[in-house]
Amino acid sequence: MTDTSASYDKNAAAPYPPLGWNSWDCYGAAVTEEEIRGNAAYMAAHLKEYGWEYVTVDIQWYEPGAVSSQYRPFVPLEMDAYSRLLPAVNRFPSAAGGQGFKPLAAEIHGMGLKFGIHIMRGIPRQAVHADTPILGSAATARSIAHPNSICPWNTDMYGVDASRDGAQAYYDSLFQMYADWGVDLVKVDDIAASRLYGTHQDEIVLIREAIARCGRPMVLSLSPGPAPVELAGFFREHANMWRVTDDFWDQWPLLLDMFDRCRAWQSVAGPGCWPDCDMLPLGHIGIRSVDGGGSDRWTRFTRDEQLTLLSLWSIVRSPLILGGELRDNDEWTLSLLTNRDVLRLHRESGGAREALRRGPAVVWTAEESGGAVYAALFNTGETPLDLRLSPEELGLAAFPGGGTELWSGQPARLAEGALDAGVPPHGVRLYRFG
């Protein structure tokens, strides 16, 4: 096998942490072409100018009878003659005639956006049971399958045994098809931290090589988490995004837990390599997705918690992937997503670190190359918090010039060389100095 990975610059696919939308939080496994198209049109009209660009179809786009986030076990899936899953035509009419996602991707590209899909690692069980061919190989589905390597929460796939002849050819055929469709991002599930088997490093290597061979740059996103931090070097080498948490939903305990997860990964992010705090459950979610302890609802996060969520994700430079039905955004939600100062922090800062943790106070800092400094002051407690912080407590010699709180636009209160701030419960004050 010729290794083309050395000549393929995976980091070029994601020089900055991606911004986009994914269908899971609102539609589960049951999103339709009309809903994808509608959210893409909203993004093009209202968010594209701020850097939002990816539109991703999440899990089971190949399942004709999907109705929610609850998977139907062992049901027939749409598949071609070469063991590859295809979009269900009843949900994605433009896929008729074997066109796959090519027409939908072209439409989204025509809006100036990028197109992504979710896949499960491995090969369809129905392909293995029928022993269907592998394109470009004498191997068949059964000969490359690892039938003991299963996903505990979804019955669609068996794992692929990377040691078998034909294993690479199978993944090559998948990603060549995705390249022909015009896919820009692939989210691969049950691979970063499988509940049964840990990290499937062999299949990640096969996928990375298949992307290198397919002739089209693609962002590689790995799920679910928590990905093991001791494999940070491996993830940096092979992926662009990898989840540091299991599915994240609109519950304060999950957001509080993210402070520890972000601290564990704080030195890893950089061009092409983005630890992923998971999607943003903001706005209207749960329409046909019943995960996360709720159904059709507006996010249960308070406004202060929403600011905390976006401030933490932005300063650690996690990918920002929206989960709500964009067309239902209210003025508040849209204002969060179009704050140019916060988006500048997310795109241009570096060196994010936890500078202080004292009782309910958690402070993160980051810098820009021109000398500006950011400080995010979080209150994880249940009562208002008055903070007075010296530059030294933040690891600075001094505050470089005046400061602005980025969500309110108000000037920072600096007195006698210290920063004074009142932070509400579960809230944040996010500053830029210089």
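Bear in mind the structure is a predicted one, so any value in this text is a computation, not a measurement.

Asks: What is the right way to read the domain arrangement of the chain from this model?
Replies: A common measure of how large an interface is: the accessible area buried when the components associate. According to the domain assignment, the chain contains domain 1 (10-338) and domain 2 (353-433). Counting residues at the interface gives 17 residues for domain 1, matched by 19 residues for domain 2. Summing the contributions of domain 1 and of domain 2, the shared interface buries around 1500 Å²; its carbon and sulfur component is 68%. Our count for the domain 1 to domain 2 interface comes out at two salt bridges.

Asks: Help me out: how do you make sense of the side chain of threonine 380 in this one?
Replies: Checked against the element boundaries, threonine 380 lands in the loop between β16 (373-379) and β17 (385-389). In contact with threonine 380, other than residues within four places in its own chain, are Trp252, Leu256, Phe259, Pro360, Val362 and His426.

Asks: Please explain the sheet that holds β17 as it appears in this structure.
Replies: Sheet strands associate in pairs through backbone hydrogen bonding, adopting either a parallel or an antiparallel arrangement. The sheet built from three strands is open, its strands ordered β17-β20-β19 with antiparallel pairing. At either margin of the open sheet sits one strand with a lone partner, and together these are β17 and β19 (413-415). Each strand of the sheet is rotated relative to its neighbour by a mean of 25 degrees, with strand direction disregarded. Inspection of the sheet shows β17 paired to strand β20 (residues 418-423) by five bridges, in the antiparallel sense. Within β20, the residue paired with leucine 385 across the bridge is valine 423.

Asks: So what exactly am I meant to see when it comes to the environment of methionine 279 here?
Replies: Note that methionine 279 resides in the loop between β10 (274-276) and β11 (284-285). A relative accessible area of 4% means that methionine 279 is categorised as buried. If near-sequence neighbours (up to four positions away) are discounted, methionine 279 is found in contact with Asn22, Trp24, Asp25, Lys187, Phe248, Ile321, Leu322 and Gly323.

Asks: Is there a simple way to think about the environment of serine 83 in this case?
Replies: Checked against the element boundaries, serine 83 lands in the loop between β2 (54-57) and α3 (102-110). The residues touching serine 83, leaving out its near neighbours within four places in the chain, are Ile123, Pro124, Ala127, Thr132, Pro133, Ile134, Ala141 and Tyr170. In terms of polar contacts, serine 83 uses its side chain to reach the side chain of threonine 132, at 2.7 Å. In this structure the side chain of serine 83 is engaged in a polar contact, spanning 2.8 Å, whose partner is the backbone oxygen of proline 133.

Asks: For this particular structure, what's the right way to read the pattern of salt bridges?
Replies: Pairing of side chains with opposite charge becomes possible as their charged atoms draw close. Evaluation of the coordinates by the stated rule reveals 32 salt bridges. For the salt bridge of glutamate 35 with arginine 288, the shortest nitrogen-to-oxygen distance reads 2.7 Å. Residue glutamate 35 is found in helix α2 (residues 33-46), and its partner arginine 288 is found in the loop between β11 and β12 (297-298); the two are separated by 253 residues along the sequence. For glutamate 35, a relative accessible area of 9% puts it in the buried group. A relative accessible area of 23% means that arginine 288 is categorised as partly exposed. Between arginine 261 and aspartate 257 there is a salt bridge, with its nearest N and O atoms 2.6 Å apart. One end of the pair, arginine 261, and the other, aspartate 257, are both in helix α9 (residues 252-264), four residues apart, so they sit about a helical turn from each other. The partly exposed category is assigned to arginine 261, whose relative accessible area is 24%. Owing to a relative accessible area of 30%, aspartate 257 belongs among the partly exposed residues under this scheme. Bridged by salt links that share partners, the residues Asp260, Arg263, Glu354 and Arg357 form one connected network.

Basis of the calculations
Residues numbered from 1 in each chain as written. Predicted model: local features only at pLDDT ≥ 70, side-chain atom pairs only at ≥ 80, totals over all residues. Heavy atoms only, no water. Domains from an automatic or database assignment. Contact = heavy atoms within 4.5 Å. Buried area = accessible area lost by both parts, 1.4 Å probe. Salt bridge = Lys/Arg side-chain N within 4 Å of Asp/Glu carboxyl O. Helix = DSSP H or I, 4+ residues; strand = E, 2+ residues; numbered from the N terminus. Pairing = 2+ DSSP bridges. Axes fitted to C-alpha atoms, helices over the stretch in contact; angles between N-to-C directions. Buried < 20%, exposed > 50% of the residue type's maximum accessible area, 1.4 Å probe, protein only. Polar contact = N/O pair within 3.5 Å; in protein donor to acceptor, adjacent residues only side chain to side chain.

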